[in-house]
Amino acid sequence: MAHLLWLLYVVLIVVAFSSVSANLVTYNVTFVSCVEGSTCPQGNPSVYSATFALNGTLSPNITLNVGDTLQFNLATSVPSHPLTICQNSVVPSFCQGAASTNLLNTPITNAGTTTSVVFSTSGTYYYGCNNHPGMGAMINVIQTVTAAASASTTVVTSSAATANTASSVATAMVTSASTGSTSSSTKGAGARHQLSVLFLFTVIVALFTIIFT
């Protein structure tokens, strides 16, 4: 009996978490002109006065949840500015000179190419040009619990703020049924609810184990 109860316990764990999946957050990336001291990120070389833009917003910060996948779709060829995602960088380098151990993607330069990274650990990461500073921003990955709006429609908010105080904040909210740049896979009833259910079943299994063994 005890073995059957523990088998039931394992099955319930699998069922409770099988419906939870991470978000796929996508951005169309271009390389556009910016104004020094205004819309350019901190440290941007005046010889270029240009930076990466995500969905038309100049170098916004990105906030993701642990487990999310960030995907960049490069729409502009940038032969001198490899689009890079990295860790252990600093402001305003934004991946400039990132060594292989800190690269999270293979830098891309050709229009039509795509790069993506799955973030499994919370922390601060970066994107930008591998050759020059001041052409990117931060990626903040946080450990949060996001509940689904419904079984068919999920709302994901992507808050974007530029690397300097003069830049704007862009917020994109889309549903899984729309064609926006940020999409989410369908989730279950929410991790908090699942943990409550799991705790309840744990107590029930423990009681049955005590009674029947």
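On a predicted model such as this, the values are computed, not experimentally measured, just so you know.

**Quick look at the environment of Pro41**
Along the chain, Pro41 falls in the loop between β1 (23–33) and β2 (50–54). Note: C-alpha distance between Pro41 and Met135 (94 residues apart in sequence) is 6.3 Å.

**Looking at the environment of Asn130**
With respect to the secondary-structure elements, Asn130 resides in the loop between β8 (123–129) and β9 (137–142). Separated by 34 residues in the primary sequence, Asn130 and Gln96 place their C-alpha atoms 4.3 Å from one another. Leave out the neighbours within four places in its chain, and Asn130 touches Pro82, Thr84, Cys95, Gln96, Gly97, Ala98 and Leu103. Among the polar contacts listed, one links the side chain of Asn130 to the backbone oxygen of Cys95, at a separation of 3.0 Å.

**Some remarks on the nonpolar core**
Proteins that are soluble and globular tend to have nonpolar side chains buried together. By size, the foremost hydrophobic cluster in this structure holds 25 residues, and its most contacted members are Phe52, Ile62, Leu70, Phe72, Phe119 and Ile139. Top element by residues in this core is β1. It accounts for 4 residues. Membership of the second largest hydrophobic core comes to 5 residues, among which are Cys86, Cys95, Ala98 and Tyr126.

**Points about the sheet that holds strand β4 (residues 62–65)**
With mixed pairing, 4 strands are arranged side by side in an open sheet as β4-β9-β8-β6. The sheet is open, and its two borders are formed by β4 and β6 (83–87), each paired with just one other strand. Neighbour to neighbour, the strand axes of the sheet diverge by 25° on average, direction disregarded. Bridge analysis of β8 against β9 gives 5 bridges, and the strand direction is antiparallel. Of the residues in β9, the one forming a bridge with Gly123 is Val141.

Basis of the calculations
- Residues numbered from 1 in each chain as written.
- Predicted model: local features only at pLDDT ≥ 70, side-chain atom pairs only at ≥ 80, totals over all residues.
- Heavy atoms only, no water.
- Helix = DSSP H or I, 4+ residues; strand = E, 2+ residues; numbered from the N terminus.
- Contact = heavy atoms within 4.5 Å.
- Polar contact = N/O pair within 3.5 Å; in protein donor to acceptor, adjacent residues only side chain to side chain.
- Core = buried A, V, L, I, M, F, W, Y, C linked by side-chain atoms within 4.5 Å.
- Buried < 20%, exposed > 50% of the residue type's maximum accessible area, 1.4 Å probe, protein only.
- Pairing = 2+ DSSP bridges.
- Axes fitted to C-alpha atoms, helices over the stretch in contact; angles between N-to-C directions.

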